[in-house]
Amino acid sequence: MTILSTMWLMPLFTFIYVNGILPIEATHHVYRNLQSLSSDDSFKQPYRTAYHFQPPKNWINDPNGPLSYKGLYHLFYQYNPKGAVWGNIVWAHSVSTDLVNWTPLDPAIFPSQPSDINGCWSGSATILHGNKPAILYTGIDPMNHQVQNIAYPKNLSDPFLREWIKSPKNPLMEPTSENKINASSFRDPTSGWLGKDGNWRIIIGSKRNTRGIAILYKSKDFINWIKSKHPLHSAKGTGMWECPDFFPVLKIGRFGVDTSLNSDDVRHVLKVSLDDKKHDYYLIGTYNDEKDKFVPDKGFEEENIEQILRYDYGKYYASKTFFDDGKNRRILLGWVNESSSVADDIKKGWSGIHTIPRTIWLHKSGKQLIQWPVVEVEKLRVNPVKWPTKILKGGELFPINGVTAAQVSYVFFYYHKSYNAIF
Ligand SMILES: *[C@@H]1O[C@H](CO)[C@@H](O)[C@H](O)[C@H]1NC(C)=O
Ligand SMILES: *[C@@H]1O[C@H](CO)[C@@H](O)[C@H](O)[C@H]1NC(C)=O
Ligand SMILES: *[C@@H]1O[C@H](CO)[C@@H](O)[C@H](O)[C@H]1NC(C)=O
């Protein structure tokens with residue numbers, strides 16, 4: 001598989017290349033002299049995880065386009081096929097029957113046409129009419145502008161969806177002097193959803209000055225897209241919105257629903273990854289699909305950004321959900337930037353993992369989401385250690401004898417007086 005080299009860009013950059021670090025308008029530093037360095041195979045791997053998602057080697061970041069098709073789960077992800085730091089980014093591809101054990105396949109999408117020749121960045125999958133998957137992703141064009149492209153499976157009879165072809169109409173959406181979109185801040189299309197008018201909608205992350213924006217586009221055929229006059233939502237002072245995600249959750253119960261469902265039975269969730277803060281924040285609210293506006297509930301106003309809820313309070317970014325129609329659940333995947341030093345990443349030959357996939361639903365208070373590792377992960381549990389009920393005090397040491405720390409999974413059941421029990 002040929003990954004086109006970006007070496008021809010080198011002369012442009014030599015004047016800032018002296019220390020080997022390039023600033024880039026996206027999230028990542030560019031270590032051009034390190035991004036094709038292979039690892040030291042003799043290095044022992046005490047920190048590789050055993051049941052989190054990670055490919056055999058190299059750098060990964062955002063989960064992209066998760067979907068379920070003909071009995072297989074597909075996960076794509078931002079990947080450097082040549083090294084352990086960010087660079088040479090392609091859409092790598094793995095498949096699974098249980099969201100726990102993954103088989104890597106060849107990269108699905110890699111630079112091959114002008115509209116993505118400088119990179120294939122994040123995006124999402126949508127299952128179109130007739131059970132046909134399509135992927136929208138951000139391409140970096142010859143002018144280093146961020147544009148949106150589409151790819152389809154080459155062979156719908158292949159459950160592995162190994163090969164993807166790109167539309168000759170790419171790019172489908174691009175910054176122009178009329179639409180005044182910032183060409184360096186226009187990325188990460190969501191999965192599409194259908195409005196009652198039968199048209200598809202997607203949002204794309206952007207900003208205007210320091211206002212974060214979810215730019216809305218509509219389409220009859222998923223190819224010809226028209227930018228709406230108004231964004232789906234925006235918030236002042238929040239900076240660039242990366243990897244937006246927009247989906248309905250049932251008011252009552254744990255089942256997930258199709259991304260297009262909008263009725264009195266659902267609320268809507270808008271998640272954005274704030275580039276300035278490197279955290280994933282979400283809002284719960286109402287989606288009016290006639291006005292194409294998302295209105296956050298009281299308590300989620302923009303003045304409140306510091307209080308707005310996060311999916312996770314550790315290292316967690318660029319998450320994305322998908323609806324698993326086989327098991328009627330919505331599944332959340334996220335990237336853990338485990339933040340080893342660049343020197344350590346090169347030594348170990350990899351960087352980044354994904355979280356255990358989590359099922360996600362609305363708490364009955366309607367005020368926050370609940371997440372729980374997918375039930376399949378329980379297959380991995382052996383040798384349980386049980387303790388009688390114990391109230392833990394802050395700072396108390398709680399040693400568990402007879403197990404080694406590297407592969408222990410802890411399951412604590414919390415009870416907090418502000419909830420009527422979590423479930
Ligand atoms: C499509 O995939 C199916 C199932 O893997 C395979 O049998 C068939 O030969 C493929 N068709 C083409 C044109 O590659
Ligand atoms: C466009 O986005 C880039 C990258 O964040 C930023 O440096 C630039 O100031 C933005 N331009 C405007 C007009 O907001
Ligand atoms: C990832 O970690 C590195 C090193 O700690 C940090 O510089 C970078 O900002 C982080 N990026 C994100 C998206 O968390």
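Presented here is an overview of the structure given in this document. (Residues numbered from 1 in each chain as written. Chains lettered and ligands numbered in written order. Predicted model: local features only at pLDDT ≥ 70, side-chain atom pairs only at ≥ 80, totals over all residues. Heavy atoms only, no water.)

1. Thoughts on the pattern of salt bridges
Right, on to step 1. Summed over all chains, the structure comprises 19 salt bridges.
Right, on to step 2. When the shortest N-O distance is used, the salt bridge between Lys154 and Glu163 registers 3.5 Å.
Right, on to step 3. Measuring nitrogen to oxygen at the nearest pair gives 3.5 Å for the salt bridge that ties Arg187 to Asp275. With Arg187 in strand 11 (residues 186-187) and Asp275 in the loop between strand 18 (266-274) and strand 19 (279-288), this pair connects stretches of sequence that are 88 residues apart. (Salt bridge = Lys/Arg side-chain N within 4 Å of Asp/Glu carboxyl O. Helix = DSSP H or I, 4+ residues; strand = E, 2+ residues; numbered from the N terminus.)

2. Overview of the pairing of strand 9 (residues 146-153)
Right, on to step 1. With respect to burial, strand 9 is a largely interior element, seven of its eight residues being buried.
Right, on to step 2. Pairing of strand 8 (residues 132-140) with strand 9 involves six bridges; the strand directions are antiparallel. Within the sheet, the bridge partner assigned to Ile135 lies in strand 9 and is Ala151.
Right, on to step 3. Connecting the antiparallel pair strand 8 and strand 9 is a turn made up of five residues, with Asn144 showing a positive phi of about 60 degrees.
Right, on to step 4. Sheet analysis places strand 9 next to strand 10 (residues 164-166), joined by three bridges and oriented antiparallel. Of the residues in strand 10, the one forming a bridge with Ala151 is Lys166. (Buried < 20%, exposed > 50% of the residue type's maximum accessible area, 1.4 Å probe, protein only. Pairing = 2+ DSSP bridges.)

3. Notes on the environment of Pro66
Right, on to step 1. You can see Pro66 is positioned in strand 3 (residues 58-69).
Right, on to step 2. Sequence separation between Pro66 and Ser191 is 125 residues; the distance between their C-alpha atoms is 9.8 Å.
Right, on to step 3. Contact partners of Pro66, with chain neighbours within four places excluded, come to His74, Ala125, Lys320, Thr321, Phe322 and Leu333. (Contact = heavy atoms within 4.5 Å.)

4. A few points about the sheet that holds strand 3
Right, on to step 1. Read from one edge to the other, the open sheet built from five strands follows the order 6-5-4-3-23, with strand pairing classed as mixed. Of all strands in the sheet, those bounded by a partner on one side alone are strand 6 (103-109) and strand 23 (350-351).
Right, on to step 2. For strand 5 (residues 90-96) and strand 6, the ladder comprises four bridges, and the chain directions are antiparallel. What sits directly across from Trp91, in strand 6, is Ile109.

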